[in-house]
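# Report on the structure
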Amino acid sequence: MSVSGFRMAAMVAPALGALAMGAGAIAAQGGAPDTWWYPGSGKTFAASQDYPNAQGTLRVQVEGGAVKTRGHAFFEPLGANGRACVTCHQPADAMSLSAATAQQRWTASNGHDPLFAAIDGSNCPILPQDQRASHSLLLERGLFRVQLPWPMTAWNGRPVTPDFDIEVVRDPNGCNSAPGYGPKAGNISVYRRPRPVANMKYLLAVGFVFDPKQGFALPLSPEDGRMMSGNIMADNRAGTLRIQMQDAAHGHLQAGKPLTDAQVRQITDFEMRVFTAQQTDAHGNDLSSMGANGGPNHLRVSAPGALGAIGTPVWSEFAAWEKLSPEQAATLTPKQLEFRKSVARGARVFREKMFLITDSAGINSRIGFGNPVRNSCVFCHNMSQMGNDVAPGQVDLGTTTMPFADSMPDLPLFRITCRGRPHPHYGRVIYTMDPGFAMTSGKCADVGKITLQSMRGLSARAPFFSNGLARDLRGIVDYYDRRYSIGYTEQEKQDLVNLMSVL
Amino acid sequence: MLRSVLTLAALAAPLSAAAADTGSLLRFITCPVYRDADSGKKSGCWLAEDPATGIRYDVSLSPHKPDWNYAVLVEGRTTAQPETPCGAPVLDAVRTSRLYDIPCTRHILPAEGYPGRRFVLPRRNPQPTSVPAPSFAGPFVDRSFTVYFEFGNDFLVYQYSDWLIQQAYYWMLSAKPKKLIITGFAASAPETVSGRVMAEPADLALQRAQTVATTMARLLPGIAIETRADPSTTGTSDAEADGIPGQAQRRVEIRAVL
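Residues numbered from 1 in each chain as written. Chains lettered and ligands numbered in written order. Predicted model: local features only at pLDDT ≥ 70, side-chain atom pairs only at ≥ 80, totals over all residues. Heavy atoms only, no water.

Before going further, it helps to spend a moment on the overall build of chain B. Helix and strand content of chain B: 5 helices and 13 strands. Over its C-alpha atoms chain B spans a radius of gyration of 20 Å, differing by no more than 12% from the 18 Å that the globule rule assigns to 258 residues. On the principal axes, the C-alpha backbone points of chain B span a range of 60 × 40 × 30 Å. A burial count over chain B gives 50% of its 258 residues as buried. Pairs at least 24 apart in sequence give 76% of the contacts found in chain B among residues at least 6 apart. Element-wise, carbon and sulfur atoms account for 57% of the exposed surface of chain B, whose accessible area totals about 10900 Å². In chain B, which carries 26 positive and 25 negative side-chain charges, the distance between the mean positions of the two groups comes to 6 Å. (Helix = DSSP H or I, 4+ residues; strand = E, 2+ residues; numbered from the N terminus. Rg over C-alpha atoms; globule rule 2.2 N^0.38 Å. Buried < 20%, exposed > 50% of the residue type's maximum accessible area, 1.4 Å probe, protein only. Contact = heavy atoms within 4.5 Å. Areas by Shrake-Rupley, 256 points an atom, 1.4 Å probe, with all protein chains shown as cover. Lys, Arg positive; Asp, Glu negative; His and termini not counted. Charge placed at Lys NZ, Arg CZ, Asp CG, Glu CD.)

On the secondary structure map, Ser289 of chain A appears in the loop between β10 (274-281) and α10 (296-301). Separated by 2.9 Å, the side chains of Ser289 of chain A and Arg340 of chain A make a polar contact. (Polar contact = N/O pair within 3.5 Å; in protein donor to acceptor, adjacent residues only side chain to side chain.)

All right, on to the sheet that holds strand β2 (residues 48-53) of chain A then. Residue and element names in this part refer to chain A. Pairing in this open sheet of 3 strands is antiparallel, and the strands run β2-β3-β10 from one edge to the other. At either margin of the open sheet sits one strand with a lone partner, and together these are β2 and β10. The sheet shows a mean angle of 25 degrees between the axes of neighbouring strands, direction not considered. Direction of pairing for β2 relative to strand β3 (residues 56-62): antiparallel, over a ladder of 6 bridges. Pairing of Gln49 across the sheet is with Val60, part of β3. (Pairing = 2+ DSSP bridges. Axes fitted to C-alpha atoms, helices over the stretch in contact; angles between N-to-C directions.)

Opposite the 38 residues of chain A that make contact, chain B presents 40 residues. Summing both partners gives a buried area of about 3100 Å² for chain A against chain B, and 62% of it is carried by carbon and sulfur. Three residues stand out in chain A for area buried against chain B, namely Phe210, Arg366 and Arg374 of chain A, and they jointly supply 22% of the buried area on that side. Inspection of the chain A/chain B interface yields 4 salt bridges. The shortest N-O distance in the salt bridge between Asp38 of chain B and Arg374 of chain A comes to 3.4 Å. Taken together, the links from chain A to chain B amount to 16 residue pairs in polar contact (both at pLDDT 80 or more). Listed by contribution, the elements that provide at least two residues to the side of chain A that touches chain B are β9 (216-217) and β12 (373-375) of chain A. The dominant element in the side of chain A that touches chain B, judged by the number of residues it contributes, is β12 of chain A, at 3 residues. For the side of chain A that touches chain B, the class distribution of residues is 21 nonpolar, 12 polar and 5 charged. (Buried area = accessible area lost by both parts, 1.4 Å probe. Salt bridge = Lys/Arg side-chain N within 4 Å of Asp/Glu carboxyl O. Nonpolar A, V, L, I, M, F, W, Y, C, P; charged D, E, K, R; others polar.)

Moving on: the confidence of the model for chain A. A low pLDDT means the predicted coordinates there should not be read in detail. Summing up the model confidence of chain A, the mean pLDDT is 93 and the portion of residues at 70 or higher is 93%. Per-residue pLDDT stays below 50 along residues 1-31 of chain A; that stretch engages in 61 contacts with residues further than four places along the chain or on separate chains. (pLDDT = per-residue confidence, 0-100.)

A few words on helix α3 (residues 161-175) of chain B. Residue and element names in this part refer to chain B. The terminal C-alpha atoms of α3, which comprises 15 residues, lie 21 Å apart, in line with the 21 Å expected from a rise of 1.5 Å per residue. The element α3 is extensively covered by neighbouring structure, given that 13 of its 15 residues are classed as buried. Looking one or two places after α3, you find Lys176, whose phi comes out positive at around 50 degrees. (Expected span 1.5 Å × (residues − 1).)

Another aspect to go through is the layout of surface pockets. What the largest pocket holds in volume is close to 1200 Å³. Lining the largest pocket are 45 residues, and of these Arg366 and Arg421 of chain A together with Tyr100, Gly152 and Asn153 of chain B sit closest to its centre. Elements that contribute at least two residues to the lining of the largest pocket include exactly β6 (91-103), β11 (196-198) and α4 (204-219) of chain B. Among the residues making up the lining of the largest pocket, the classes are represented as 17 nonpolar, 14 polar and 14 charged. Approximately 980 Å³ is the volume found for the second largest pocket. Leu307, Ala309 and Phe379 of chain A together with Lys41 and Lys42 of chain B are the residues nearest the centre of the second largest pocket, which is lined by 39 residues in total. Looking at the lining of the second largest pocket, the elements with two or more residues in it are α12 (334-352) and α13 (377-380) of chain A. The dominant element in the lining of the second largest pocket, judged by the number of residues it contributes, is α13 of chain A, at 3 residues. Of the residues belonging to the lining of the second largest pocket, the class tally is 22 nonpolar, 9 polar and 8 charged. Shared between two domains, the lining of the second largest pocket holds at least three residues of each, these being domain 1 (2-110) and domain 2 (143-257) of chain B. (1 Å grid on protein atoms, 1.4 Å probe; cavity = no way out; pocket = protein on both sides within 12 Å on 5 of 7 lines; lining within 4 Å. Points joined across faces, edges and corners; volume = space filled by probe spheres on them. Domains from an automatic or database assignment.)

Residue and element names in this part refer to chain A. Interaxial distance between helix α15 (residues 473-483) and helix α16 (residues 490-501) falls to 9 Å at its minimum, and their mutual angle equals 130 degrees. As far as their axial angle goes, α16 and α15 are oblique. Judged by the twist between their axes, the crossing of α15 over α16 is right-handed. Together, Leu473, Arg474, Ile476, Val477, Asp478 and Asp481 of α15 and Glu490, Lys493, Gln494, Leu496, Val497, Met500 and Ser501 of α16 make up the contact between the two elements. (Parallel < 35°, antiparallel > 145°, perpendicular 65-115°, else oblique. Left-handed = near helix turned anticlockwise from the far one by under 90°.)

Residues and elements named next belong to chain A. Counting across every chain of the model gives 4 disulfides over all chains. Here Cys124 is linked by a disulfide to Cys175, with a sulfur-sulfur distance of 2.1 Å. Between Cys124 and Cys175 the sulfur-sulfur dihedral comes to about 85 degrees; the bridge is accordingly right-handed. Taken as a pair, Cys124 in the loop between α5 (118-121) and α6 (136-141) and Cys175 in the loop between β6 (164-170) and β7 (187-192) lie far apart in primary sequence, 51 residues in all. Using a relative accessible area of 0% as the deciding quantity, one classes Cys124 as buried. By relative accessible area, Cys175 is classed as buried at 0%. Disulfide pairing is shown between Cys418 and Cys444; the S-S distance is 2.3 Å. Taking the torsion about the sulfur-sulfur bond, which here is approximately 95 degrees, the covalent link between Cys418 and Cys444 counts as right-handed. (Disulfide = S-S within 2.5 Å.)

Let us now look at the packing of aromatic side chains. Summed over all chains, the structure comprises 26 aromatic pairs over all chains. Summarising the aromatic geometry, the rings of Trp106 of chain A and Phe116 of chain A are spaced 4.9 Å apart at their centres and angled 85 degrees between planes, so their arrangement reads as edge-to-face. Highlighted residues: Trp106 of chain A in helix α4 (residues 99-109) and Phe116 of chain A in the loop between α4 and α5, separated in sequence by 10 residues. Here the aromatic residues Trp37, Phe45, Phe74, Phe75 and Phe270 of chain A are joined through ring pairs into a cluster of three or more. Across from the ring centre of Trp37 of chain A, 4.3 Å away, lies the NZ or CZ of Lys43 of chain A, which sits over that ring. Positioned over the ring face of Phe185 of chain B is Arg251 of chain B, at 3.6 Å from the centre of the ring. (Phe/Tyr/Trp six-rings, centres within 6.5 Å; stacked < 30°, edge-to-face > 60°. Lys NZ or Arg CZ within 6 Å of the ring centre and 35° of its normal.)

Now for the sheet that holds strand β7 (residues 108-110) of chain B. All names here are of chain B. Pairing is mixed across the open sheet formed by 4 strands, whose spatial order is β4-β3-β2-β7. Each edge of the open sheet is held by one strand with a lone partner, namely β4 (55-58) and β7. In this sheet, neighbouring strand axes are inclined to one another by 30 degrees on average, regardless of whether the strands run parallel or antiparallel. Here 3 bridges tie strand β2 (residues 33-36) to β7, and the two strands are oriented parallel to one another. Bridge assignment links Tyr34 to a residue of β7, and that residue is Ile108.

Let us look at the domain arrangement of chain B. Residue and element names in this part refer to chain B. According to the domain assignment, chain B consists of domain 1 (2-110) and domain 2 (143-257). Between domain 1 and domain 2, the C-alpha centre-to-centre distance is 26 Å. Contacts between domain 1 and domain 2 engage 19 residues on the former and 20 residues on the latter. Contact between domain 1 and domain 2 buries roughly 1600 Å² in total, counting both sides, with carbon and sulfur atoms accounting for 57%. When residues of domain 1 are sorted by the area they lose upon contact with domain 2, Arg27, His64 and Arg95 head the list and together hold 35% of the total. The tally of links between domain 1 and domain 2 comes to 4 salt bridges. For Arg27, the salt bridge identified is with Glu191, shortest N-O distance 3.1 Å. At the level of elements, β1 (25-30), β5 (70-78) and β6 are the ones that each hand at least two residues to the side of domain 1 that touches domain 2.

Here it is in C-alpha cells:
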C-alpha cells in the first residue's frame, strides 16, 4: 500500500507539532545568525576559528593556515540553486549542520535560503515549497533527502543486481510514490543527516587491509589503486572523496557539469586540512589543559587509523583528569572539578562498561564474534582520537530498522523481501526507514547498516544518528540503553553525556 | 526432530565422562547456549550439548562463534582442561559452524559463578598496516598456502583465515610470484551428523576460490590469478587446520608460481 503524499503529510502534522515543542533544548546549538557562512561570501577562512555552542566552544583549525574562499570550489555556489558545499557543512556546526541552525536560517530568510532548495532541502519537491511543513524533516530532524537509484549502483558506478525486493509501505512525503518517484520509477528516497567534513584523514585511514565484516581485503580506489577505508557516507556509496564530491555537486548543488580536476583538487585539499573538535566546555574549562588533549590541534598532529585496543585508548585524551592533583583541583570551582571528573569517568564507561550486543549485523553476523557478544561502546567506536571504526564501519545498530528504531511517522517505511537467504536477524521480510549499506551492496544481509560517523564536534551538530533519531546527547545514550538493555546508572549516563559534549 | 532429541538428552550426564577420553574427536549438531559470564570484553561462554551423550561442552574457543538463534555444527577435540571458566568440559581445538537453516530458541544462562575467559588476542591476528611487512630471504621456490572456512560458506574467518592470507601475502611481497593458482575445495561427500545428512554444495568449491581470488587481487594488484575447483572432499595435513579433519577439508589452496 502506498498513500498519496499530500494526505499523509496532513496526517503527520500533529506529530511534528509535538517535536517542535522539544526544539528549545537544541535551539541554543550551532551557528547563531552571525556565524552562518554564506556561499560565495569571499571571506577568508581563518586558520583557527572558535564558535560558541550550548556546551562551550567549538574550534575549527586549518592545517597550513588560512584559506582564501573567493573562487574556491568548496565555498562558491557552483550550481543552479545558489548553494555551496559550505551551505550544509558549516564551520559553526562542526562542518555539518544542526537542526537548530536550519531553523534559524528559515526564520532569518523567510524560508528563501538556498539551504531549503526543493531538490533535497524539502521533504519532497512535489510539495508546496513556500510552506514550513514541506521542510519539516530538515527543520525538525536536520535531514536532507537523498535519492538513490533503484536498482542500485556500486561505489564504482557499476550496476548491482539486488538480492531483495523493495516495496513502499508508508510514504508521508510523496517522494517514494508520486509520479517520477519511488522504486517503480527507478529510485528510492531516504532522509539523512549531513556528515561532518572535517578530520577526514581519520575517516580515510586504512588501519588493516581486511574488511572483516564483509570478509574480503579492502577494495581498491579506481583513482590511485590504493585501498579505500570504506568509512565515508552512511551507505558507503562513495569510496573516495572525488566520487563523493562529484555526487554532491550534481545532487546537492545542482551543478550542470562535473567538477573540473582543479576544483576536485581544491576541495580535496581543503577537506584534508580542516580539523574540528570542542575546545572549551560549558564551565569555561580549556579542554586541552591540566594534562588533557581535547581540541582539534591534537587531532591535526596525531597519526590516524590506530586501533585503540592495541595502542592509545579511545578518549584517553581526558585520562589526566582522573587524578588531578590537589593544587590543580584548588584552581577549579567545585562545578568545574566535578565536570572534569565526570568526563574522565565517561571515557571509562565508554570503554569499560560491558553489555550484550545482540542482533546487530556487521558485529553479530557474519563475522564470528558471536550473537550475543559482550563488549562496550569502544568495540565499534574503536579508532584512537576519533571514535569511528578502524575497519569499514557498516553496522546495523537498528537506528533505521524495525523493531529497533523509534517510531518516526514522518519518514518513509519500506518493506524489504530477501529473495535468497533470509536475513540472519530479521528473517525474510524487513521493515526499514533506510536500508543503508544495502542500497550500495545490493545485499539484504546489509539492510539497516549505517557507516559509523566520527564522534567529534557533537556539541555543535545535533540531532544525531543518520536519521536524526536522537535529539540530543542524552538521546544517544538512552537509545543504546534501550537497544541493548544496558542498565546504565543515572551517573553513568550523565558521565557519557559529559564526555560526548567535550569531543 | 533435533529439538526433541535435545530435550531428552538434557538431563545431565556425568561431566567426568568427557575428561576420561582426552583428544578424541567429536562432531555433532546442536542448539548453542550462551552463558553470560563476565570477565570483560568477549568473555562470555558458548556451550553446546552433544545429543548423543547428553554432555554439554564448552566450545568458546572456536574462532567463529555461534549465533544463539541457529544450530551449530560442532567439531572439536576433548581435553583435560579445567572446567572452571564456563562450567563444562572444554573442546580445544574446536569449530562451531553456524547452520542458518536450523533455527534455535535462543537461550541464555546466568554466569552462575563462572568467570568465563578474559580475552587474549589470539596468535592468529592480522597486523595493522602501520606494522611493516616482514621480509623473507630467498632463494624462493613455488609454495602453497592454505586458508580455511566454516561449514557451508566462503566467509573469511576473522583472526584465522585473514591471518593465514596475511602470512601468504607477506611471503609473496618478498618472493614476487608471477602467478597464483587458487583452488577451492568443498566437503561435498554426504556424512550423517546427529541424524542429519551433511554435505557442502559442490559449487561452494569454486565460490571459495573466487572469494580468495578477489582478496588476493586486491592485495597484489595486477597479479595473474587462475581459479580452480575441487569438490571431491579431500583433506590436508597442514597444522593450521588444528587437527580437525572437517576443517582440513573446507579450504582454499593458494599456489604461488614463481
